[in-house]
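So you can see what is in the structure, the chains are spelled out below.
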Amino acid sequence: MRNVIKEVITKKPKPFWEVVLMILISVIGVNFLITLCNKLGEKYAGIASIIILILSIGVCIFIIKRLLECYTYILVDDELLFERSVGKKNSLILKIPIDDIEIIKPYKELKNDENIAYTYKFICDKEYDKFYFGEFEKEGKRYRFIFKPGERLLKALGNKVFSNVES
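Below you will find a few notes about this structure.

The rules we used
- Residues numbered from 1 in each chain as written.
- Predicted model: local features only at pLDDT ≥ 70, side-chain atom pairs only at ≥ 80, totals over all residues.
- Heavy atoms only, no water.
- Helix = DSSP H or I, 4+ residues; strand = E, 2+ residues; numbered from the N terminus.
- Rg over C-alpha atoms; globule rule 2.2 N^0.38 Å.
- Contact = heavy atoms within 4.5 Å.
- Pairing = 2+ DSSP bridges.
- Axes fitted to C-alpha atoms, helices over the stretch in contact; angles between N-to-C directions.
- Parallel < 35°, antiparallel > 145°, perpendicular 65-115°, else oblique.
- Left-handed = near helix turned anticlockwise from the far one by under 90°.
- Nonpolar A, V, L, I, M, F, W, Y, C, P; charged D, E, K, R; others polar.
- Patch = residues over 30% accessible without salt bridge, like charges linked within 9 Å, V, L, I, M, F, W, Y side chains within 5 Å.
- Areas by Shrake-Rupley, 256 points an atom, 1.4 Å probe, with all protein chains shown as cover.
- Salt bridge = Lys/Arg side-chain N within 4 Å of Asp/Glu carboxyl O.

## Some words on the overall build of the protein
Along its length, the protein carries three helices and eight strands. Each helix (α) and strand (β) of the protein, taken in turn from the N terminus, gives the series β-α-α-β-β-β-β-β-β-β-α. In terms of overall size, the protein is more extended than a compact globule, its C-alpha atoms giving a radius of gyration of 22 Å where 167 residues would be expected to give roughly 15 Å. Each principal axis of the C-alpha distribution contributes one length, and for the protein these read about 75 × 35 × 30 Å. Of all intrachain contacts in the protein linking residues separated by at least 6 positions in sequence, the fraction that spans at least 24 positions is 58%.

This is the structure we're talking about:
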């Protein structure tokens, strides 16, 4: 039987008034830009309006993604998986064998290192005192990941990572 520990990290929902205010300001902003485009003349106003429409759609998609995005940490036997979820769509971002993880430490002990090829961030909020980082090596390059594990996951990881360090 496989040992599985799964944690889902979500963003705190924004207050209703804040969401309504963001929508209202966006609608007024787009309306203002289109009004300004109408003063450009018939030829350029149409082109500018299409550009504004495309940019507005892009910004809306970005904002909706950021509001609905959450991360899932899964520890399955000897692998740590990180997934990103937007709505019902899950995508695997990182899969690390436990044996490859060299360290897991609190975020406050993080120091700049120029040898790190890339830092993965699997966090949704700004509670830095609850963040941890880990480092691993893959194909000769060093990578780092930042995440916010719960006590159960941290304990399971700690037991496995510290036993790897000792051996």
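There's more to say after this.
## Remarks on the sheet that holds strand S4 (residues 89–97)
Here four strands make up an open sheet; going across it, the order is S1-S2-S3-S4 and the pairing antiparallel. Each edge of the open sheet is held by one strand with a lone partner, namely strand S1 (4–9) and S4. Sheet twist, expressed as the average angle between the axes of neighbouring strands with direction ignored, equals 20 degrees. Here strand S2 (residues 69–76) runs beside strand S3 (residues 79–86); their pairing, made up of eight bridges, is antiparallel.

## Let's talk about the packing of helix H1 (residues 16–38) against helix H2 (residues 42–68)
For the pair H1 and H2, interaxial distance at closest approach is 9 Å and the crossing angle is 165 degrees. Here H2 runs roughly antiparallel to H1, going by the angle between their axes. For the element pair H1 and H2, the recorded crossing hand is right-handed. The segment H1 lies against H2, with Met22, Val30, Leu33, Ile34, Cys37 and Asn38 engaging Ala45, Ala48, Ser49, Ile52, Ser56 and Leu67. Partitioned by chemical class, the residues of the contact of H1 with H2 number nine nonpolar, three polar and no charged.

## Regarding the environment of Asn3
In this fold, Asn3 is placed in the segment before S1. For Asn3 and Asp77, which are 74 residues apart along the polypeptide, the C-alpha to C-alpha distance reads 5.2 Å.

## Considering a nonpolar patch on the surface
Together, Met22, Val59, Phe62, Ile63, Ile64, Leu67 and Leu68 line one region of the surface with nonpolar side chains, adding up to about 620 Å² of accessible area. Broken down by element, the nonpolar patch gets its largest block of residues, six residues, from H2. Its location among the elements puts Ile63 in helix H2.

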